[in-house]
Amino acid sequence: NMKAIGYSDLEGRGGAFKMAIRHVNGHWYLYMGHLWNRGWSIVDVTDPTNPKVAKFIPGPENTWTIQMDLHDNIMATSIGSFSTTWGHDPNKPSEEGVLFWDITDPLNVEQISHWKTNNPNSAMSGTHRNGYPGGKYAYLSAAMPGFTSNILVILDISDPRNPKEAGRWWMPGQKDGEQPALQNVGFHGPAIVEGNRAYLGYG
């Protein structure tokens, strides 16, 4: 017994993806990436019958910006290359890794750091469906040097302007030289963390 009550064409930026919502000063703000545009939209959905794009934040060209997650005043947006069938041009530069943003002011967000995997040889570089449940650690689905596909990388962001790797985990066989070698098997994400355990979606 559900029905649609509101609609936005997102100012022509279709393909809304990986949304998260915040309640600040009486307003509800929906943050999202886009499949076909490079960047992120902030939509005021305080009146759900009349959602309005409050701001668009441009992202790096030729770079996938479809994934994001937030908690409290920190937002993490994954960036990386993507397949040519989705429009990536391998002959043009692109960015990779994860960006951290201060979203204390919900509409005037500030990029505060850029952590990189430093894996330029990966066909799908950067990070994918990351998770930030709040607190000290962010959990990344990252294409790291020396590994097949993405693995779990845990970043310590107690100082979000200076993220540092705190740990990593991979399926045995993903690391170069491990036998039996795994091909086309990787961590998609996000990690679902409960207590001292993380549940990982692999494919």
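Anything mentioned here points back to the structure above.
So, here is what we can say about the structure in this document. The structure presented is a predicted model; accordingly, all values stated were derived computationally and were not measured.

A closer look at the nonpolar core
Moving on, step 1. In this structure, Phe100, Leu140, Val153 and Leu155 are the most contacted members of the largest nonpolar core, which totals 16 residues.
Moving on, step 2. When residues of this core are traced back to their parent elements, those giving at least two are strand S6 (74–79), strand S7 (97–102), strand S8 (110–115), strand S9 (137–142) and strand S10 (151–156).
Moving on, step 3. Residues contacting Leu140, with those up to four places away along its chain left out, are Val98, Trp115, Thr127, Asn130, Ile151, Leu152, Val153, Leu155 and Phe187.

A closer look at the pattern of salt bridges
Moving on, step 1. Counted under the stated rule, the structure contains 5 salt bridges.
Moving on, step 2. With a shortest N-O distance of 3.9 Å, Asp156 and Lys136 are connected by a salt bridge. You can see Asp156 sitting in strand S10 and its partner Lys136 sitting in the loop between S8 and S9, a full 20 residues away along the chain.
Moving on, step 3. Residue class for Asp156 comes out buried when judged on its relative accessible area of 18%.

Points about the sheet that holds S10
Sheets are built from strands that pair by backbone hydrogen bonding, the pairs being arranged parallel or antiparallel.
Moving on, step 1. One open sheet holds the 3 strands; their spatial order is S9-S10-S11, and the pairing between them is antiparallel. Bordering the open sheet on either side are S9 and strand S11 (164–169), each of which pairs with just one other strand. Averaged over all pairs of adjacent strands, the angle between their axes in this sheet comes to 30°, without regard to strand direction.
Moving on, step 2. With 6 bridges joining them, S9 and S10 adopt antiparallel strand pairing. Bridge pairing links Ala138 to Leu155 in S10.

Overview of the side chain of Ser41
Moving on, step 1. Considering the arrangement of structural elements, one finds Ser41 in strand S3 (residues 39–44).
Moving on, step 2. With a relative accessible area of 1%, Ser41 lands in the buried category.
Moving on, step 3. In this structure the side chain of Ser41 is engaged in a polar contact, spanning 2.7 Å, whose partner is the side chain of His34.
Moving on, step 4. Not counting residues up to four positions away in its chain, the partners in contact with Ser41 are Arg13, Leu30, Tyr31, Met32, His34, Lys55 and Phe56.

Procedures and definitions
- Residues numbered from 1 in each chain as written.
- Predicted model: local features only at pLDDT ≥ 70, side-chain atom pairs only at ≥ 80, totals over all residues.
- Heavy atoms only, no water.
- Core = buried A, V, L, I, M, F, W, Y, C linked by side-chain atoms within 4.5 Å.
- Buried < 20%, exposed > 50% of the residue type's maximum accessible area, 1.4 Å probe, protein only.
- Helix = DSSP H or I, 4+ residues; strand = E, 2+ residues; numbered from the N terminus.
- Contact = heavy atoms within 4.5 Å.
- Salt bridge = Lys/Arg side-chain N within 4 Å of Asp/Glu carboxyl O.
- Pairing = 2+ DSSP bridges.
- Axes fitted to C-alpha atoms, helices over the stretch in contact; angles between N-to-C directions.
- Polar contact = N/O pair within 3.5 Å; in protein donor to acceptor, adjacent residues only side chain to side chain.

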